[in-house]
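# Summary of structural features
These are the residues of each chain, in order.
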Amino acid sequence: MSTLLLEIVTPERTVYAKDVNMVILRGVEGEMGILPNHVPLVTPLKIAAVVAKIGGKEERIAVSGGFAEVRHEKVVILAESAELPGEIDVDRAQLAKKRAEDRLRGRKDDADFRRAEMALQRAITRISL
């Protein structure tokens, strides 16, 4: 089975770099499955887990926004932040989720609402891994 290189990079470090059989990511237009020799494209990403399929296994990486660049044999994700499941502090993510939910209930303006909504989505994504 053919593979493509998946690289997930943040401003601080390279979080993930492996040859995979398939990448599943959530762009602003919806979920996409990327296979080797995919047509080149660039898409903004939503806050969600990126799934890397290797053989019969799946590896999930929490990605907070950014962009994906797809080339024939490579997918590069430039993310604001990204975490592997073993790096996630679930208790901290649960507290962040609760804070975001509290802010959403007591919102003052649209900017606060949007920030709280994004924080909630990041927390949910991290907890789900």
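What you are looking at is a predicted structure, and each value in this text was computed from that prediction instead of being measured.

## Focus on the nonpolar core
Counting 20 residues, the largest nonpolar core has Leu6, Ile8, Leu25, Val63, Val75 and Ile77 as the members making the most contacts within it. The residues touching isoleucine 8, leaving out its near neighbours within four places in the chain, are Arg13, Thr14, Val15, Tyr16, Val50, Ile61, Val63, Ile77 and Ala82.

## Focus on the domain arrangement of the protein chain
The assigned domain composition of the protein chain is domain 1 (4-85) and domain 2 (89-128). Between domain 1 and domain 2, the contact holds seven residues from the first and six residues from the second. In this assembly, domain 1 packs against domain 2 so that about 540 Å² is buried in total across both faces, 59% of it on carbon and sulfur atoms. Looking only at domain 1, the three residues that lose the most surface to domain 2 are Ile47, Ala62 and Glu83, adding up to 68% of its buried area. On inspection of domain 1 and its partner domain 2, the count reaches zero salt bridges. There are zero residue pairs in polar contact (both at pLDDT 80 or more) connecting domain 1 and domain 2. Those elements that place two or more of their residues in the side of domain 1 that touches domain 2 are strand E6 (48-54) and strand E7 (57-64). The dominant element in the side of domain 1 that touches domain 2, judged by the number of residues it contributes, is E7, at three residues.

## So, helix H1 (residues 90-105)
With 16 residues, H1 ought to run about 22 Å at 1.5 Å a step, and its terminal C-alpha atoms sit 23 Å apart, in line with that. Buried within H1 are the following residues: Ala93, Ala96 and Ala100. For H1, the angular spread of buried residues about the axis comes to 60 degrees, placing them on one side. Within H1, the exposed residues directed more than 90 degrees away from the buried face are Asp91, Leu95 and Arg105.

## Examining the sheet that holds strand E8 (residues 67-71)
Reading across from one edge, E2-E1-E9-E8-E5 is the order of the five strands in this open sheet, with mixed pairing throughout. The open sheet has two edge strands with one neighbour each: strand E2 (14-20) and strand E5 (41-44). Strand-to-strand twist across the sheet, computed as the mean angle between neighbouring axes with direction ignored, equals 10 degrees. Here E5 pairs with E8 via four bridges, running antiparallel. The partner of threonine 43 across the bridge, within E8, is alanine 68.

Calculation criteria
Residues numbered from 1 in each chain as written. Predicted model: local features only at pLDDT ≥ 70, side-chain atom pairs only at ≥ 80, totals over all residues. Heavy atoms only, no water. Core = buried A, V, L, I, M, F, W, Y, C linked by side-chain atoms within 4.5 Å. Buried < 20%, exposed > 50% of the residue type's maximum accessible area, 1.4 Å probe, protein only. Contact = heavy atoms within 4.5 Å. Domains from an automatic or database assignment. Buried area = accessible area lost by both parts, 1.4 Å probe. Salt bridge = Lys/Arg side-chain N within 4 Å of Asp/Glu carboxyl O. Polar contact = N/O pair within 3.5 Å; in protein donor to acceptor, adjacent residues only side chain to side chain. Helix = DSSP H or I, 4+ residues; strand = E, 2+ residues; numbered from the N terminus. Expected span 1.5 Å × (residues − 1). Arc of directions from axis to C-beta. Pairing = 2+ DSSP bridges. Axes fitted to C-alpha atoms, helices over the stretch in contact; angles between N-to-C directions.

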